[in-house]
Each structure stands twice: as C-alpha cells, then as structure tokens.
Amino acid sequence: MPLPGPRNLLTDVPGVRVGNATDLRVDTGVTVIRTDGAWTASIDIRGGGPGGRESAALEPENMVGQLHALVFAGGSVFGLGAADAVAAALSQQEVGLHLKAGAPAIPIVPAAVLHDLANGGDKQWGLEPPYRRLGFEALDNAAEDFALGSVGAGRGAMAGVLKGGLGSASLALEDGLVVAALVVANPIGSVYMPDGQTFWSWPWEIAGEFGGARPAGTVDASDPMPELSRLDSMGRLQAGANTTLVVVACNARLSTAECKRVAIMAQDGIARAVRPAHLPFDGDTVFALASGELALVEGPRRQVQIGYIGSAAADCVARAIARGVFEARK
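Residues numbered from 1 in each chain as written. Predicted model: local features only at pLDDT ≥ 70, side-chain atom pairs only at ≥ 80, totals over all residues. Heavy atoms only, no water.

The name given to the chain in an unreviewed UniProt entry is P1 family peptidase, with Pseudomonas vanderleydeniana as the source organism.

A separate point is the nonpolar core. Counting 41 residues, the largest nonpolar core has Val191, Val248, Leu254, Val262, Ile309, Val317 and Ile321 as its most contacted members. Mapped onto this core, the elements with two or more residues apiece are β8 (165–172), β9 (178–186), β10 (243–252), α4 (256–273), β11 (285–294) and α5 (300–329). Considering each element in turn, this core owes the most residues, 11 residues, to α5. Here valine 248 is in contact with Ala180, Ala181, Val262, Ala266, Val286, Phe287, Ala288, Leu289, Ala313 and Val317, once residues within four sequence places are set aside. In terms of nonpolar packing, the next biggest core, distinct from the first, is built from 31 residues, Leu10, Val13, Val16 and Val151 among them. (Core = buried A, V, L, I, M, F, W, Y, C linked by side-chain atoms within 4.5 Å. Buried < 20%, exposed > 50% of the residue type's maximum accessible area, 1.4 Å probe, protein only. Helix = DSSP H or I, 4+ residues; strand = E, 2+ residues; numbered from the N terminus. Contact = heavy atoms within 4.5 Å.)

The topology assignment puts glycine 149 in the loop between α2 (131–140) and β6 (158–159). Each C-alpha atom, one on glycine 149 and one on threonine 31, is 12 Å from the other, the two residues being 118 residues apart in sequence. With residues up to four places along the chain from it excluded, the contact list for glycine 149 reads Gly154, Gly165, Leu166, Gly324, Glu327 and Ala328.

Applying the stated criterion across every chain, the model contains 17 salt bridges. Two residues, glutamate 209 and arginine 319, come together in a salt bridge whose shortest N-O distance is 2.7 Å. With glutamate 209 in the loop between β9 and α3 (227–230) and arginine 319 in helix α5, this pair connects stretches of sequence that are 110 residues apart. Residue arginine 319 is classed as buried on the basis of its relative accessible area of 1%. Via salt bridges that share partners, Arg7, Asp12, Glu144 and Asp145 belong to a single interconnected network. (Salt bridge = Lys/Arg side-chain N within 4 Å of Asp/Glu carboxyl O.)

With that out of the way, let us pick up the packing of aromatic side chains. Counting across every chain of the model gives 5 aromatic pairs. Taking 6.0 Å as the distance between ring centres and 45° as the angle between the ring planes, the aromatic pair formed by phenylalanine 72 and phenylalanine 287 counts as tilted. Within this pair, whereas phenylalanine 72 is found in strand β4 (residues 66–73), its partner phenylalanine 287 is found in strand β11, the two being separated by 215 residues in sequence. In this structure phenylalanine 72 comes out as buried when scored by relative accessible area, which is 0%. For phenylalanine 287, a relative accessible area of 1% translates into the label buried. Plain terms: the ring middles of phenylalanine 199 and phenylalanine 210 are 5.4 Å apart, the flat faces sit at 80° to each other, and that makes the pair edge-to-face. Placement of the pair is phenylalanine 199 in the loop between β9 and α3 and phenylalanine 210 in the loop between β9 and α3, with a sequence separation of 11 residues. The ring of tryptophan 200 has arginine 275 sitting right over it, with the charged end atom 5.9 Å from the ring centre. (Phe/Tyr/Trp six-rings, centres within 6.5 Å; stacked < 30°, edge-to-face > 60°. Lys NZ or Arg CZ within 6 Å of the ring centre and 35° of its normal.)

This is the structure we're talking about:
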C-alpha cells in the first residue's frame, strides 16, 4: 500500500520548495511554491468566483505550458501583488524565458488568491498593501520543510464557519513515482461531517495525520448544504469570498495536456473533503506540476499511469485539506 513520503509534504517531490510569509497584524499571508527549473504545468478551475493571474499561459492550446514558481495569497485582488514580487526577484536571478539578448528574463509566475478581507486583522493599508513585501519574504523562505495550518496564505482562511488553513500531503508510489499536494482551505463548504468532529476525508487518512477521528455510527449526509456551511454569521455567502487553492505535483514526465488531466482529476479531492464544493461563491482552482524526472511508458499503458497519478493526486488533496484545517485548529 502506498504511504506518504518522508515529510508528508509537497516537497517530497524532488525539486520543489515552499516558503510562507505571515503578517500577524494584517492577519494574512503568502505562500510561494518554487520549482528548480521550468516545470510543465496546467490548471483546472471549478469554482464560480476565482481570482488569479497567468492561468491562460498554462492551457494546453497555448504556447508556454510551464512555470518557474507559483503564488498563493490572501488579500483577494490585492494579493496578486505577491506574484509581481516573485517575478521581479526571479528575473534578477536570471530565471525565466530569455526571448532576446540583453532583455530581462521573464519568469512565468501564475498566482491564485483567496478572500480573507473580512476575516479580521488590520486591512487599512491605504496605498501600500503588504503582499509585495510578503511575496519577497515567502520566496526567501522557500525550503523543503515548512509549517502547516494558520500560516502563509492560510493565515486568514476559513473552512465553512471554522478556521481554515494551509495543508499538504504526499504519496510515494511504485517505481519511484511521488505525488503530492498543497492546499489552502478557505471553502464555504464544511470539511466536517455533521458531528463537527470527523472530517469528510477520514477514509483517506494515513497514520492519524489529521487526528484520527472516525464516525461513531451511521452518518446522515442527506442535507446538500450542511449546517456548518449554511451558517452565515461572517457574510461569506457571496461571490469570490471563498475558495480552495490547490497545487498537485509529481516527478513524472508529463505534457501540458496530461497535467491538465491530472488537475481535473485532482479536483475530486476537493469534492471528497468539502461539502458542498465548487459553489458559485468559491474560486476552487487546481494547478498540476510535473518535474519530468521519470519517463512514463508510451502506448495505451501510458493513459493508465496518468490515471493512477491523477487518482493519487485527488487522494492527496482530500488529505491535505483536512490536515490544513486540523493544524490550524490545534
């Protein structure tokens, strides 16, 4: 049976590092995913209120299909400034596309943001939102080990009406293949079953990674909008106010179109962990990255391998969502 990698983090995929920067006064933050080169990538968006940048560059029909870093941030539209900082810093390091001699390197740095503007903290920043500064800090902090819970982009996150957060999980599969996920859980849907203690993700939990709670008996899941989602004391039932941001990564050699398929499959991890998911209010977005380290077979068997990667990615997403909320509420 597949088990987590040594860290049970996104960074179990060789060549990726993660950095968090948190502003406790503003109650927000930024998370940067830094790859060791241009990794093949794509994106799938299922929520009705997404916020981000450079997503079109990752569509299979377009030219680039790769990225050098990825940014998740609080702050809604203001959080996009964090990606500006990361792009500027990487360009100074000569990381990016070199289209003409003497011109600056052009890093491809997609970003996705969540709405935490109403979740506390001092948001009166005037003309100086903190996200550019936090982007530089998170990039500088990028490492193989990183904190989970109420940190980085997960600092101001909510899950339903409870605290959300930053989570991660991995699986080491056969023949050296590694699949992992990192999420920022800020959904309107509930991550808990009606008992308020057991995660919907519990069937996929490994080694008590998010507390080991199990349902005591038969569970009534007939309510399409559970109470922990429906209670709107914080005014979260509005477009763009909620989202689950996800990146899944593997060390296989995939095309942009194959990354797209993995991202589509990984969306099912959100549906397993959050009830309900993909609402008009949410901005659920999944990025899929591939380092290219391991070649897959050619021919019909290749599609089976891609399906295996996508299924493992969905499992990691479900676990990472519960783990992020669990760590944030400890």
